[in-house]
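Structural description and commentary
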Amino acid sequence: MTELDPRTPEGIAALARLARLALDPEEARAFGDHMGRMLRWIESLPPARPDLGEALAGPPRRTLRADRVRPSLPPEESLAGAPERAAGGFRVPAVLPGE
Amino acid sequence: MSARAQILGRYELVVGMEVHAQLATQSKLFCGCAVGFGGPPNTRTCPVCLGHPGTLPVLNAEAFAMVHRIALAFGADVRDATEFDRKNYFYPDLPKGYQISQLHHNVGGGDGREGGRLQLLRSGKFVRMHNVHLEEDAGKLLHLGDGGSVVDLNRAGTPLAEIVTYPDLRSVEEVDDFMDTLTEVLLALEVCRCRMQEGNLRFEASVSVRPRGAEFLGPRTEIKNLNSYAAVRRAVAYEFARQVALLEAGASPRQETRLWDPEEAVPYEQGVPPARRADPALLASLLPEVEGGWRGRTQFMRAKEDAHDYRYFPEPDLPPYAVAPEQLDAWRTSLPELPGARRARYAEELGLPQKAAEALTRERGLAAVFEQLLALEVPAAAAANYVLNPLQAALKERGLSPAESPVSPERLAELHSLIEEDNGLSRDLVFKQVWPRVLDEGLSPREAVAKYGIEGASSDAVVAATDAAWAENPRAVRDLLAGKKKAAGAIVGAVMKRLRGQADPRAIHARIAELLAQTRGED
Ligand SMILES: [Zn+2]
C-alpha cells in the first residue's frame, strides 16, 4: 500500500483523509516526518508476532468464553461519556449515505 | 414474444450474494452482553462493546462453533487455526473505529481455498460458496430529522456469519431459490433465527449483466438496504432492467454501490452524470409488469473509486485460535440432515414420490411436521398425505406457516388412527366431518366425533347396501367371479352413493368377499 506511505506527501494526505483530519501543509510535513521516524523504528524491530505454528505449539490457553450472558452497564453509565444525548442514545450529527 | 422479452433475452443476469446472518447465541461475540432485538437503546452495552480503551475482547465459544458448522455444512475447506483482522473505518455506529472481522483468515474458503457449495432446493442447481467468516455487527443509527442522529449500541458486537457466494445465480427465481435454501439450511443448523424483519438475516446482491453466451463478467453493482425477500427479488429485477437499458443505449454499467429504495417509482440518479443514466422510458419498459405499476428503484450511492480503504491488519487483541482435528470431526458428524439430503432420503428410503419429497422439503417447517408424524408411527405415505393435502391447504388458506399450525402432529396422528380403526368411519367421512372441526374449533379428532355424534354407516346398513348393489350389478358380479378384481369398484361406488359416502370402503370390501365366497360355494 505505497499510497499510504506517510513519508510521501500523497500518503500523508490520504491518511489524514481516512482519519478525518484537516492538516495544513505545515502540519502535514511535520506529521509525515514524525511518522516516518516511527516507521523506521518499527522496521528495525524483530518481528514481534510469533508465527502461527509457534503460537499453537504451546500449552493450550483458555482463550474462549462460554456463551453466557453477564450483566450490562446501566444505560446511565453507558452514556456517561456521551458529549450529547437524545432519546436514550449518543447524539451525533446526521450522517449522509455514502459517507 | 413481447419487445421486453426480446430485449432482455439478449442478455444474461449474473448475481452473487453476500449474506450476514446473526448467530443465535445468548451473548455477544466478544463480551457477555445479551444478544436481542428491540428494547430501550443502550441497555445491552458494556465497556467492551462500547469500545472503551483498556478493554479486551474474549471470543464466544458458541459463535465460533456455529460459524464452523455453517462452513462444514457447505463442505468448505475449514482452517485448522483461525485469526481475526481489523477493518478500520469511521462511522458513528462503530464505537471502536474498527470492526473485528476476517479478511485473509476466513473460517471456511477464501484465499483460493475450497468454499464448498449449496444445492438449491427447487432447481437442484449447485451454487459455489466463496467464503464464510466471523465478524461483529455494528450498532444502529436512528435519524432524528433535526439534523441529528441517535446511536444505539445494543446491536454492536452481535456475532455475524458473513457468507459470500460466487456469482452463480442467473435469474430472479434462482436468487429466490438461494434465499429460501440458505434460510432452510441455517434454520436446520440452528445457528440463526432467520427473521429478516428483525435483521437476523441480511442479503446483499451483486448484480451484473452480459450478452447472452458471453463468458466474461460485466461490471457489478452491489445493492444494499434489502430488508425483505421481496425487496431482494424486486431490486435484482430492477437492476437487471437498468443495466440492460444502459447497454441498449450504448452506455455501460459501472462498478458501484447502490441503495434499494422500495417506495419511489421514478428512476432518479443523484450524482450520476446524464450520460451514465439509464433512459427512464426504456428502463420502465423493461421492468416486470406489476399490478398497480412498478415501485422501487436502486439509487446510486458510491462509485468504486470512492470505495473505502479499510486498512486491514491482523487483530492484535486476539490470539490465533487452533481447531483440533477431533473438534472438527465432532462438529462435522453432528451436522443435522440438510434439506437437500432430506429430500433424497424421503424419495429413496421412505419411498415417497419425488413430488411429495420435494413438496415436503420446499416449504419451511413442513418436513418437521412430517417427521413428527413418523415418530408417532404414522406410515410415511399416509403422513406425507396428511401434511401435503389437508394440512398445507388449510395453512395456505389461513396464511400461516407450518410452525403456526392450529393442528398439532399428535392430532394429525389421532386422525390417522380414526381412519385406520375399524369404527365404520371412512377416510372421506373423517376429512369431510371431523377435520374441519379439528381445524376451526380446536377439538381433538375424537372430541369432534363425540361432540357431533359423527358416525359412519352401521355395519347392518353397509351389508344391506352391498347386498342390494350386488343384486343390481350382475355384470360386475360376473367379472368378479371371473377373477377381475377391479370390478369391485362398481359395487363399492354404488354402495357409497346409496350411503352418501359415509361407509367405510373396507367394510364394503369385506361384505363383497363374503358374497363372492357364498356364490362360489353355491356353484
Ligand atoms: Zn458488551
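All of the points below concern the structure found in this document.

Scoring rules and cut-offs
Residues numbered from 1 in each chain as written. Chains lettered and ligands numbered in written order. Predicted model: local features only at pLDDT ≥ 70, side-chain atom pairs only at ≥ 80, totals over all residues. Heavy atoms only, no water. Helix = DSSP H or I, 4+ residues; strand = E, 2+ residues; numbered from the N terminus. Rg over C-alpha atoms; globule rule 2.2 N^0.38 Å. Buried < 20%, exposed > 50% of the residue type's maximum accessible area, 1.4 Å probe, protein only. Contact = heavy atoms within 4.5 Å. Pairing = 2+ DSSP bridges. Phe/Tyr/Trp six-rings, centres within 6.5 Å; stacked < 30°, edge-to-face > 60°. Buried area = accessible area lost by both parts, 1.4 Å probe. Salt bridge = Lys/Arg side-chain N within 4 Å of Asp/Glu carboxyl O. Polar contact = N/O pair within 3.5 Å; in protein donor to acceptor, adjacent residues only side chain to side chain.

Within chain A one finds 4 helices and 3 strands. Ordered by position from the N terminus, the helices and strands of chain A form the series α-α-α-β-α-β-β.

A separate point is the overall build of chain B. Looking only at helices and strands, one finds 17 helices and 17 strands in chain B. Computed over its C-alpha atoms, the radius of gyration of chain B comes to 30 Å, more than 25% above the 24 Å expected for a compact globule of 523 residues. C-alpha atoms of chain B, sized along the principal axes, occupy 100 × 55 × 45 Å. Across the 523 residues of chain B, 51% fall into the buried class. Summarising the internal contacts of chain B: among those between residues at least 6 apart in sequence, 71% fall at separations of at least 24.

Quick look at the sheet that holds strand S2 (residues 85-86) of chain A now. The strand order S2(A)-S3(A)-S10(B)-S9(B) describes an open sheet built from 4 strands, whose pairing is antiparallel. Taken across any chain shown, the strands that pair with only one partner, and hence form the sheet edges, are S2 of chain A together with strand S9 (140-143) of chain B. Two strands pair when backbone bridges link them, and S9 of chain B and strand S10 (residues 148-152) of chain B are joined in this way by 4 bridges, in the antiparallel orientation. When the bridges of S10 of chain B are listed, Lys-140 of chain B appears paired with Asp-152 of chain B.

What follows is about the packing of aromatic side chains. Residues and elements named next belong to chain B. Using the criterion set out here, one finds 11 aromatic pairs over all chains in the structure. Note on Tyr-310 and Tyr-312: the rings are 6.2 Å apart at their centroids and 70° apart in plane angle, and the pair reads as edge-to-face. With a centroid separation of 6.1 Å and an interplanar angle of 40°, the aromatic rings of Tyr-386 and Phe-431 are classed as tilted. Of the two residues, Tyr-386 is situated in helix H10 (residues 380-398) and Phe-431 in helix H12 (residues 427-441); the sequence distance between them amounts to 45 residues.

Turning our eyes to something else, we now look at the interface of chain B and chain A. Counting from both sides, the interface comprises 50 residues of chain B and, opposite them, 36 residues of chain A. Both sides of the chain B and chain A interface together cover about 3500 Å² of buried area, and 61% of this is carbon and sulfur. Among the residues chain B hides against chain A, the three largest losses belong to Phe-90, Asp-309 and Arg-311 of chain B. Together they make up 14% of the total. Taken together, chain B and chain A are joined by 1 salt bridge. Arg-91 of chain A is the partner of Asp-146 of chain B in a salt bridge, and the nearest nitrogen-oxygen pair spans 3.2 Å. At the boundary of chain B with chain A, the tally comes to 17 residue pairs in polar contact (both at pLDDT 80 or more). For the side of chain B that touches chain A, the secondary-structure elements that each account for two or more residues are strand S2 (59-60), helix H2 (61-73), S9, S10 and strand S17 (321-322) of chain B. Sorting elements by how many residues they give to the side of chain B that touches chain A places S10 of chain B first, with 4 residues. In this sheet, S2 of chain B lies alongside strand S1 (residues 64-65) of chain A in parallel orientation, the contact comprising 2 bridges.

Let's shift gears to unusual backbone geometry. Residues and elements named next belong to chain B. Even without being glycine, Asn-225 reaches a positive phi, approximately 70°. Inspection of the secondary structure assignment puts Asn-225 in the loop between strand S13 (221-224) and helix H4 (229-248). Overall, Asn-225 belongs to the partly exposed group, its relative accessible area being 41%. Positive phi, close to 70°, is recorded for Glu-377, a residue that is not glycine. Examined against the element boundaries, Glu-377 turns out to sit in the loop between helix H9 (366-375) and H10.

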